[in-house]
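What the coordinates show
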Amino acid sequence: MRKTMKNVLLLLALLSFVFSAPVHAVAGNTIVLDGSTTVGPLAKSFATYFTKKYGVKVTVSESGSGNGAKGLINKTCDIATMSRAMKPNELAAAKKKGIVPVRHVVALDGIAMVVHPGNPVRNLTKAQIKDIYSGRVINWNQVGGPNAKIVVIQRESNSGTQEAFKELVMGKTARISRTAETQASNGAIKSRIASTRSAIGFIGLGFVDRSVKPVSVNGVLPSKATVKSGTYTVSRPLYFYTADKPSGTLKTFVDLAGTPDGKRMITELGFIVR
């Protein structure tokens, strides 16, 4: 009798543990994210929080938005983090593999045009930026600055920020000059600008600090307020893409952006809550 009672109590204790513990931690699932370097800090912050709260391992890689899309299509990641929308050819490739990507807007971000803090230029029109990047304007004195050749810096072709910049500033017809220097990340561009007095580049608003100076575009400085209001026009949504409508652990992770803790992390990292 005592042995039976002991077994019953042990069973109740085990059931209590199972139902009180996070379901996903018991399942032992892992979530894999890959993609944008812009979305990277937010994805990593979410990952740390999620692992601590639910006991689910979350890994984050930053190989670029294009590679994030490829990873989702090839099923090497669960979430593609992207600073641009998926392209028609990417959606077509996904469809061939029976995947219907679902996009989730996690935050808004401004693409800040930045120069060296010692550069006196404070404002550029979108047309002037386009002329600088296309090679029509090559000296700062052509846009109210010093007599110095402009060092033009862009992102690599796989970058979502690069794609967004081309769409928002360059348009469908203008091409970026072949003489433009290419850097692989927001951080790399920021470092290059900070050490080069005549350089210009673009980075996600959340990466702006005192080492570089943001310039106004058409008279509007990039900020959380101007991005959210739409008055700063060089801005875009940031996405999590899943291979289908998420459920279970994956849905809980994706939905984090809409929770109070998620919104706090978005704001702390310099992004804008949608």
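Everything here concerns the structure above.
Position numbers for residues start from 1 in each chain and track the written sequence from start to end. Whole-chain, interface and lining totals are the exception, using all residues; otherwise, since this is a predicted model, local features are given only for residues with pLDDT of at least 70 and side-chain atom pairs are given and counted only at 80 or more. Side-chain measures were taken over the full set of non-hydrogen atoms in the model, leaving aside hydrogen atoms and water.

Things to note about the packing of helix H6 (residues 126-134) against helix H7 (residues 160-170)
Using the following cut-off: Fitting a line to C-alpha atoms yields each axis, with helices limited to the stretch in contact; the angle taken between N-to-C directions then spans 0 to 180 degrees. Secondary structure follows DSSP: runs of H or I at least 4 residues long count as helices, runs of E at least 2 residues long count as strands, and numbering of each begins at the N terminus. Oblique is the label for any angle not covered by the other classes, which are roughly parallel (under 35 degrees), roughly antiparallel (over 145) and roughly perpendicular (65 to 115). Contact definition: two residues touch when any of their heavy atoms are within 4.5 Å. Residue polarity follows a fixed list, in which Ala, Val, Leu, Ile, Met, Phe, Trp, Tyr, Cys and Pro are nonpolar, Asp, Glu, Lys and Arg are charged, and the others, Gly among them, are polar.
One way to put it is that H6 packs onto H7 with a least axis distance of 10 Å and a crossing angle of 125 degrees. Between H6 and H7, the angle falls in the class oblique. Along the contact surface, H6 presents Lys-126, Ile-129, Lys-130, Tyr-133 and Ser-134, while H7 presents Phe-165, Leu-168, Val-169 and Met-170. Looking at the contact of H6 with H7, its residues break down into six nonpolar, one polar and two charged.

Points about the packing of aromatic side chains
To keep it simple, the criterion reads: When the centres of two rings from Phe, Tyr and Trp lie within 6.5 Å, Trp using its six-membered ring, the rings pair. Their planes under 30 degrees apart give stacked, over 60 give edge-to-face, and anything left gives tilted. For the exposure calls, accessible area comes from a 1.4 Å probe over protein chains only, and a residue counts as buried if that area is under 20% of its type's maximum, exposed if over 50%, partly exposed in between.
All told, the structure shown has nine aromatic pairs when counted by the stated rule. Relative to Phe-202, the ring of Tyr-133 lies with its centre 5.8 Å away and its plane at 50 degrees, an arrangement referred to as tilted. Placement of the pair is Tyr-133 in helix H6 and Phe-202 in strand S8 (residues 199-204), with a sequence separation of 69 residues. Judged on exposure class, the residue Tyr-133 and its partner Phe-202 are both buried. Aromatic pair Phe-240 and Phe-253: ring centres 5.9 Å apart, planes at 20 degrees, arrangement stacked. Here the residue Phe-240 occupies a position in strand S11 (residues 235-242), and Phe-253 occupies one in helix H10 (residues 248-254), the gap between them amounting to 13 residues.

Observations regarding the pattern of salt bridges
Where charged atoms from two side chains of opposite charge approach closely, those side chains can pair. Here is the rule we go by: A carboxyl oxygen of Asp or Glu within 4 Å of a side-chain nitrogen of Lys or Arg is what we treat as a salt bridge.
Under the definition given, this model contains eleven salt bridges. A salt bridge links Arg-236 to Asp-109, with the nearest nitrogen and oxygen atoms 3.3 Å apart. Within this pair, whereas Arg-236 is found in strand S11, its partner Asp-109 is found in strand S4 (residues 102-115), the two being separated by 127 residues in sequence. The class of Arg-236 is buried, set by a relative accessible area of 7%. Residue Asp-109 is classed as buried on the basis of its relative accessible area, which comes to 0%. The salt bridge partner of Asp-131 is Arg-136, with a shortest N-O separation of 3.4 Å. Residue classification places Asp-131 among the partly exposed residues on the basis of a relative accessible area of 24%. Linked through salt bridges whose partners overlap, the residues forming this network are Asp-261, Arg-264 and Glu-268.

A short note on the pairing of S8
In plain terms, the rule: A strand pair is defined by DSSP finding two or more bridges across the two strands.
Taken across its six residues, S8 has six buried, putting it largely inside the fold. Pairing of S4 with S8, which is carried by five bridges, proceeds in the antiparallel orientation. Its bridge partner being in S8, Met-113 is matched across the sheet by Phe-202.

Observations concerning H7
The cut-off we apply is this: We call two N or O atoms a polar contact when they sit within 3.5 Å, provided that within protein one can donate a hydrogen and the other can accept it, with sequence-adjacent residues counted only if both atoms are side-chain atoms.
H7 sits mainly inside the fold: eight of its eleven residues count as buried. Turning to H7, its buried residues number three or more, namely Gly-160, Thr-161, Gln-162, Glu-163, Ala-164, Phe-165, Val-169 and Met-170. Looking at the buried residues of H7, the elements they touch are helix H4 (65-73), S4, H6, strand S6 (151-155), S8 and S11. The N-cap of H7, judged by a side-chain oxygen 3.1 Å from the amide nitrogen of Thr-161 a few residues on, is Ser-159. Count one or two residues on from H7 and you reach Gly-171, which has phi positive near 80 degrees.

Scope: geometric values only; no functional claims are made or implied.
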